[in-house]
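Tertiary structure, described
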Amino acid sequence: MAGISTKVTENVSIKVKEKRYTKMSREKKNIISGLLFASPVLLGFIIFVMGPMIASGYFSLTDYSIASTPKWIGFDNYKNLFTNQDPFFYKSLLVTATYVFLSVPIQIVVSLLVAMLLNSDVKGKGIFRTIFYLPTIVPVAASSMIWIWLMDPDLGLLNNVLDAVGLPTSKWIFDEKTVIPSLILMSLWTVGSTVIIFLAGLQDVPNQLYEAVEIDGGNAFHKFINITLPMITPTLFFNLVMGFINGFQVFTQAYIMTAGGPNNASLFYAFYLYKEAFSNFRMGNACALAWVLFLIISIFTFIIFKTSKWVYYEGDGK
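Residues numbered from 1 in each chain as written. Predicted model: local features only at pLDDT ≥ 70, side-chain atom pairs only at ≥ 80, totals over all residues. Heavy atoms only, no water.

1. A closer look at the overall build of the protein
The following threshold applies: Note on conventions: DSSP H or I runs of at least 4 residues are helices, E runs of at least 2 residues are strands, and numbering of each starts at the N terminus. A radius of gyration in this sense is built from C-alpha atoms; the matching globule rule multiplies 2.2 Å by the number of residues raised to 0.38. Relative accessible area decides the class of each residue, using a 1.4 Å probe on protein chains only: under 20% of the type maximum gives buried, over 50% gives exposed, and in between gives partly exposed.
Within the protein, the secondary structure is distributed over 14 helices and 2 strands. Expected size for 318 residues packed as a compact globule is a radius of gyration near 20 Å; at 28 Å, the protein overshoots this value by more than 25%. In terms of overall dimensions, the protein has C-alpha extents of about 110 × 75 × 35 Å along its principal axes. Out of the 318 residues in the protein, the part that is buried amounts to 32%.

Shown next as structure tokens:
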């Protein structure tokens, strides 16, 4: 009897081990399969994102002019930036910050208003949605060339329209005082993608909430303040974050339309970084500028996330 019970115990333990082995082998197979499917993305991230970032971090600590071998200088590039030895660093920061803090709120307000109009019962709203979205698929270089013609002080369409209605004309991008407002006006040309995102958020607002406001005697303003605005705060938050990130990286307009002028009035940070790298061939300083920009965007994004208590998520218990 003792021998039989021992054999039974051994058989049970063997079966348990086999089950564990089978379970572990399945888990390993799942992990391997998952890694294989994710490998293109992982390799792309390592090769095209992490690799250049590590190289940029190294070059930012060197004196590197592409044609010469990088010479280690430590944090001298960063010291030159923040101790005002670089005359255009703070200028480019100020220009970019001015553009971002003016353009992003205006874009969000305009996008939300347009989205609310397109969300209403209007005939042909599908056509209007297409019209508002089409400019976003036009390459920025092509639209920049169009806007150069529109803002031409002598032959441009905008000045011709202003002159026709008896309003004073402007030099638009060809004047220091008006170049940034002109580029902000141009940025409204491509709010179509933001409008689509707002439109998706508006369509997720339950209709019964609006009906409840109507029963209580509320009007359109009450609906917007008490229902629409709180319910689309996640969408508003997303557009705010993306607006700030994209705003700090604006480049093409300055490169094609103004070349940073007049008198460096549109010297955006990304454009100045490009000039340092590929015009002045100070690659080490350009890499330092890139890392400073990365830190600025990270800090602003962190602040926005930390102050996002106003965002309402359905089902979060608030």
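2. With respect to the packing of aromatic side chains
Counted only if it meets this: Classification of ring pairs rests on two measures: the distance between centres of Phe, Tyr or Trp rings, Trp counted by its six-membered ring, which must be within 6.5 Å, and the angle between planes, read as stacked under 30 degrees, edge-to-face over 60 and tilted in between.
In total, this model carries 24 aromatic pairs according to the counting rule given. On the numbers, 5.5 Å between centres and 55° between planes, the contact of Tyr 58 with Phe 59 is tilted. The class for Phe 59 is partly exposed, based on a relative accessible area of 22%. Centroid distance Phe 75 to Tyr 78: 6.0 Å. Interplanar angle 50°. Geometry classified as tilted. Of the aromatic side chains, those joined through ring pairs into one cluster are Phe 251, Tyr 255, Phe 271, Tyr 274 and Phe 278.

3. Details of the UniProt feature "domain: ABC transmembrane type-1" (unreviewed entry) in the protein
Filter applied, for reference: UniProt positions are given in the numbering used here, feature names are shortened, and annotations may be inferred rather than shown by experiment.
Under the UniProt annotation, "domain: ABC transmembrane type-1" (unreviewed entry) lies at residues 93-304. Regarding residues 93-304, the helix share stands at 72% and the strand share at 0%, and the terminal C-alpha atoms are separated by 19 Å.

4. Brief notes about the environment of Ile 180
To keep things clear, this is the line we draw: Contacts are residue-level and defined by heavy atoms, with any inter-residue pair within 4.5 Å sufficient.
With respect to the helices and strands, Ile 180 occurs in helix α7 (residues 179-187). When the C-alpha positions of Ile 180 and Val 95 are compared, they lie 8.1 Å apart, and in sequence the two are 85 residues distant. Not counting residues within four places of it along the chain, the set of residues in contact with Ile 180 comprises Val 95, Thr 98, Tyr 99, Ala 265, Ser 266 and Phe 268.

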